[in-house]
Amino acid sequence: MHAGGVRILVVEDERRLAEVLKDGLEQEGFAVDLAGDGREGLWLSAENPYDVIVLDVMLPRLNGYAVCERLRADGIWTPILMLTAKDGVHDEAEALDTGADDFLSKPFSYTVLLARLRALVRRGLRERPAVIAVGDLRVDPAGLRCSRGDTAIALTPKEFAILHCLARRAGEVVTKSELLSHAWDFAYDGDSNIVEVYVSALRRKIDKPFGRASLVTVRGAGYRLEA
């Protein structure tokens, strides 16, 4: 496959590895940008139309899982190849669960990396995600819409981000810190009780008018969205 015109973002804090990847990929004809931390990678990914993103998991300021999840929550479906630090089932599963298209464990073969990148470029942008249904509650991540039955529910961006996180893990307990990480800026260092405020607002919108109690507080653990 001819690489001309293909633009790749490499988000990797190990400077030597990042430079080696950049040099090698540029020799293959790719255009390559580098980001040295998660915050920079998130910003560049949102600002530029990349064909594929190589994203390390262990990054300063914001880890790769959080970067990936934020991009997907914001409707950015650029193919992502996640680089995991160790060959473990948990890391691979989390990479895919947060929205990555493929993963590769370090240390990796450059030849395999190149083959995976070419496959992702051929595949192109993934389809927009399906609407998430939790009982008769429907959450549309691509359209940023929510409804209960035939009734549309107006949510603020923060309310939607929290509901989306809960809906993706419906039936599971999601901690307050996980909701903070998903819905707030990575530099947020305010009161974590802000989550409770938004959860209460969500209940007033998605449950109370419909006589439901789907958004449950699990004392000492977090919150769970039930069908």
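Just so it is clear, the structure is predicted and the values come from calculations on it, not from any experiment.

### Description of the nonpolar core
Phase 1 of the analysis: Counting residues in hydrophobic clusters, the biggest one holds 24 residues, and the most contacted among them are Leu163, Leu166, Leu179, Ile206 and Leu225.
Phase 2 of the analysis: Elements represented by at least two residues in this core include exactly β6 (132–134), β7 (137–140), α6 (157–168), α7 (176–183), α8 (194–207) and β11 (222–225).
Phase 3 of the analysis: For this core, the element with the most residues is α6, which contributes seven residues.
Phase 4 of the analysis: When residues no more than four places from it in sequence are discounted, the contact partners of isoleucine 206 are Leu137, Cys146, Arg148, Ile153, Leu163, Ser214 and Leu225.
Phase 5 of the analysis: Formed by 21 residues, the second largest nonpolar core is a distinct cluster that contains Ala35, Ile53, Leu55 and Met82.

### Quick word on the UniProt feature "modified residue: 4-aspartylphosphate" (unreviewed entry) in the chain
Phase 1 of the analysis: Annotation from UniProt places "modified residue: 4-aspartylphosphate" (unreviewed entry) at Asp56.
Phase 2 of the analysis: Aspartate 56 sits in the buried class, given a relative accessible area of 2%.
Phase 3 of the analysis: Those residues in contact with aspartate 56 that sit more than four places away from it in its chain are Val11, Glu12, Asp13, Gly64, Leu83 and Lys106.

### Focus on the packing of α6 against α8
For any two helices packed against each other, one specifies the crossing angle of their axes together with the interaxial distance.
Phase 1 of the analysis: Running from N to C, α6 and α8 point in directions that differ by 85°, and their axes come no closer than 10 Å. Relative to α8, α6 is oriented roughly perpendicular. Here Lys158, Glu159, Ile162 and Leu163 of α6 come into contact with α8, specifically with Tyr198, Ala201, Leu202, Lys205 and Ile206.
Phase 2 of the analysis: A per-class count over the contact of α6 with α8 returns six nonpolar, no polar and three charged.

### Here we look at the environment of aspartate 136
Phase 1 of the analysis: Tracing the backbone shows aspartate 136 in the loop between β6 and β7.
Phase 2 of the analysis: Within the structure, aspartate 136 has its side chain in polar contact with the side chain of arginine 148 (distance 2.9 Å).

About the thresholds
Residues numbered from 1 in each chain as written. Predicted model: local features only at pLDDT ≥ 70, side-chain atom pairs only at ≥ 80, totals over all residues. Heavy atoms only, no water. Core = buried A, V, L, I, M, F, W, Y, C linked by side-chain atoms within 4.5 Å. Buried < 20%, exposed > 50% of the residue type's maximum accessible area, 1.4 Å probe, protein only. Helix = DSSP H or I, 4+ residues; strand = E, 2+ residues; numbered from the N terminus. Contact = heavy atoms within 4.5 Å. UniProt positions renumbered as here; feature names shortened; annotations may be inferred. Axes fitted to C-alpha atoms, helices over the stretch in contact; angles between N-to-C directions. Parallel < 35°, antiparallel > 145°, perpendicular 65-115°, else oblique. Nonpolar A, V, L, I, M, F, W, Y, C, P; charged D, E, K, R; others polar. Polar contact = N/O pair within 3.5 Å; in protein donor to acceptor, adjacent residues only side chain to side chain.

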